[in-house]
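# Chain and residue survey
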Amino acid sequence: MQRGSITIYLSLVLISVLLLVSIVIESTRINVVQTECRAFTHLASDSVLAGYARQVYKDYGILLVWEEKTLKEQLMEYIQANIEQADLNLTTTNIMATRIRDIKIRQVQYVEHNGGETFIEQILSYMKYSVTTESVNKMINLYSQNNSYQEKSDTTESMINVKENSEISKIVDDINNELCNIKNNNINNQFMTERKRTRFLKKVNQVIEMIESYQVRRENFLKEYKAVQGTDYMDFNLNILEQIKNRIEKEELMDSSRLDEKWAHISKEIQKTIKKLKVNVISEEDQKNKSIYESAKRFLERGILSMVIDDSSNISSAAISDSDLPSNKKTDKTDLSCSAIDKAKVILYGGMKFGNYCSIKNNTDLKYELEYIIAGEDTDHSNLATTVEQMAGIRNITTLAYILTDKDKMTKLSTIAASATTAIGLPFLEPVIKAVLIEAWALAEAVHDVKILMSGKKIDIIKNKDNWNTGLQNLLCKETKGSKKKSAINYQNFCYILLMKKRMTQIAFRMMDIIQVNIRKNYNQSFRINQCFSGFHIQAQYETEPLFVSMPFIINSLGEKIGAYNFYVESKMQY
C-alpha cells in the first residue's frame, strides 16, 4: 500500500514536471514562431521594395515599385517562400508549422495619390544631394523678378482689334471740306445784308449738325470696341461754330440804327474766330505714319512662333500617342501645396532630367519635354508655340514698362499716333492708335528677346536703352545678339520661370506622363506609372497548430480559430 502511494506520488510529480516542461517548450516555440513571422513579414516587405523599377531609377533617379502583380500577391509569394525555406522540406520534423492565413493592405503610397505627393517626395529625396542651395535661391529670385506677368486686359485687346469705320471717315472728310470752304472765304463786309447772313448761318448750322452726327457715331464706335472715350479737334471746331452762330443770332435780335457799322465790325471779329477752326490736312509724313500703324496692327495679329523661328521645318513633329496618361486619368483633385524652395527643387529636377527646345534628350517620345510640362499639349509644335507665347507675354511686361518710362519713345509714339489719325481721318482714334503702337513695339522687343533665347543665347533680365534692339520701322529685327552678363538668363531659365507659375500637382502629373511614355518607348510597352508605389502599410495574419501542449486560454486570446494559434504582424515600409 505504501509502495503504491509512492508510485502514484511519483507519477503525479512526473506528469507535473512533464506538463511544465511542455508548457515551457510550447511557450518558447510560440515566441520563436512569432519572431519568425515578424521576420517573414519584414523580409517579404523588403523583397517587394527590392523589386523597384530599375529603368525608372536609372533614367530618372527615383525609386518606385511597379505593381505588375498586386501587392498582396507579391507579399504572399515572398512570405510563403520564406516559410518553405525554413521548413527545409522536412515537414515531419518541423516544430514551427507556421502558415500564412491572410494579408490586409492598410495603405499603399501610390505616386498619384494626394496630388502626386509621393512622386514629389521621391524627387525631393533625389535632389537633396543633387542641387546646391545657391541654385535654388537663384531660381526663386529670378521668379520674383518676373512675377508681375498678367494677361492682356480686355481694353488692350479691343484696341488692337479696332477696325476703321468708312462711314465715319466719309463724314470727317465732308466736315473738313465744309470747314475749308468757310475758312477760305473772306466774309469781311459780307454780313451787310440779311440774305447773306442767313445763308452763312445756314452753312454754319449744317456743319454743326454734321459734327454732332459725327460725335454720336464716334461714341457708338468706341463703345463697341470698349476703347477709351475722349475728345478731338472736331469738338473744338463745334465750340467755335456755336460761338459764331450765337453771336450772329444775338445781334440779329438787337435793334440798331447803325446797322452797317455794326455788322462790319462783327464780320471782322467772326473772321478772326473762323481762323481758329482746325482742318485735317494729310501730308506725306501722315501717310508714312499711317503705314507704321498698319504694320504694327499686322504684327500684333501674327503668330509668335513664326516670328521667333526662321525655319519652321526644324520644329519637331513628335506627338504623344498614349491615351493612358496619369494626367488624363487623374481623379484626385487635391492641389499639392509646398514651399517655394521645394517647388524650385522639383523644377530644377525637371531641367536635369527632361529635354527642351535648346537641349533635346535622346530616346524620348517628345523632344520638347519641359515645354510639355508647361503647356500640356499632345504635340511638340503646340507645346513650343504655347511656351514661346507665354515667354513673350512675360517679357512684354518688362518691355512695356520700359517704354512707358522712356520720354523720348513716348514723345515719338504720340507724334506718330497724331499724324496717323490725320491720314486715317478718324481723329478720336489717337489714344487707340498710340496704345496699339506701344503694345506692338513692346511685343516686338519681347519677341526679339525670345528669339535670342531660342538661338541658344542669353538676355538681360532688366530692359534698358543699351539692350533695346527694335524700332517702330523695323519691328522684326534680324540681329540676335545675346548678353554676356553674369546675371543674364537662357531659354531653360525662362522655362523655369513659367514652371514656377504652374500648380505643383500639374507639374507632378505631367512629369509622370513623360516618364511613362519614355519607359514604354525604351523598355516596357505595358508600363503604367500610376501602378507604382514607394511604400505601404500591411497587416499579415499567421497561424500555427499546438504541438507540445494545447493552451486554450492562449489560443482564444490570439486567434479566431479554436485549436490554432493566430499571430498578427504589422509592417510599414517606405523608400
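Going by the structure above, here's the rest.
Values in this document were obtained by computation on a predicted structure and should not be read as measured data.

A few words on the side chain of Asp-449. In this structure, Asp-449 sits in helix H17 (residues 430-454). Setting aside chain neighbours within four positions, we find Asp-449 in contact with Arg-395, Thr-399, Ile-459, Lys-463 and Asn-469.

Moving on, we get to the nonpolar core. With 134 residues, the main nonpolar core has Phe-119, Phe-200, Leu-384 and Leu-437 as its most contacted residues. When residues of this core are assigned to their parent elements, the largest contribution, 15 residues, is made by H17. Setting aside residues no more than four positions away along its own chain, Leu-437 makes contact with Ile-292, Tyr-293, Ala-296, Leu-413, Ile-416, Ala-417 and Leu-472. Among the nonpolar cores identified, the runner-up in size contains 25 residues, and Ile-30, Val-33, Ile-79 and Ile-538 belong to it.

Within the chain, Asn-114 stands out as a residue other than glycine whose phi angle is a positive 55°. By the secondary structure assignment, Asn-114 is in helix H4 (residues 113-127). Judged by relative accessible area, which is 42%, Asn-114 ranks as partly exposed. The phi torsion at Asn-363 lies on the positive side, around 55°, for a residue other than glycine.

On the secondary structure map, Ser-169 appears in helix H7 (residues 166-184). Here Ser-169 falls in the buried class, since its relative accessible area comes to 13%. Along the chain, Ser-169 and Pro-427 lie 258 residues apart, while their C-alpha atoms are 9.5 Å from each other. In this structure Ser-169 touches Ile-424, Gly-425 and Leu-426, once residues within four positions along its chain are discounted.

Now for the packing of aromatic side chains. Each aromatic ring pair is described using two quantities: the centre-to-centre distance and the angle formed by the ring planes. Applying the stated criterion across every chain yields a total of 12 aromatic pairs. Taking 5.4 Å as the distance between ring centres and 65° as the angle between the ring planes, the aromatic pair formed by Trp-66 and Phe-527 counts as edge-to-face. Of this pair, Trp-66 sits in strand E1 (residues 65-66) while Phe-527 sits in the loop between helix H19 (504-522) and strand E3 (532-544), placing them 461 residues apart in sequence. A relative accessible area of 12% places Trp-66 in the buried class. Residue class for Phe-527 comes out buried when judged on its relative accessible area of 2%. When the centroid spacing of 5.5 Å and the interplanar angle of 35° are considered together, the rings of Tyr-402 and Trp-468 count as tilted. Placement of Tyr-402 in helix H15 (residues 380-405) and of Trp-468 in the loop between H17 and helix H18 (491-500) is noted, with a sequence separation of 66 residues between them. The pair formed by Tyr-402 and Trp-468 is uniform in burial state, with each residue classed as buried. Here the guanidinium or amino end of Lys-278 rests over the ring plane of Phe-236, the centre of that ring lying 4.8 Å away.

The next thing to look at is the pairing of E3. Note on strand geometry: in a regular strand, side chains alternate between the two faces of the sheet. Of all the 13 residues making up E3, 13 are buried; the element is thus mostly covered by neighbouring parts of the structure. Bridge count between strand E2 (residues 98-110) and E3: 10 bridges; the pairing is antiparallel. For Ile-103, the partnering residue across the bridge sits in E3 and is Ala-540.

Moving on: the environment of Phe-494. Mapped onto the elements of the fold, Phe-494 is located in helix H18. Among residues more than four places away in sequence, those in contact with Phe-494 are Met-391, Ile-394, Arg-395, Leu-453, Ile-459 and Ile-489.

What counts, and where the lines are drawn
Residues numbered from 1 in each chain as written. Predicted model: local features only at pLDDT ≥ 70, side-chain atom pairs only at ≥ 80, totals over all residues. Heavy atoms only, no water. Helix = DSSP H or I, 4+ residues; strand = E, 2+ residues; numbered from the N terminus. Contact = heavy atoms within 4.5 Å. Core = buried A, V, L, I, M, F, W, Y, C linked by side-chain atoms within 4.5 Å. Buried < 20%, exposed > 50% of the residue type's maximum accessible area, 1.4 Å probe, protein only. Phe/Tyr/Trp six-rings, centres within 6.5 Å; stacked < 30°, edge-to-face > 60°. Lys NZ or Arg CZ within 6 Å of the ring centre and 35° of its normal. Pairing = 2+ DSSP bridges.

Taken by themselves, the reported measurements are silent on function.
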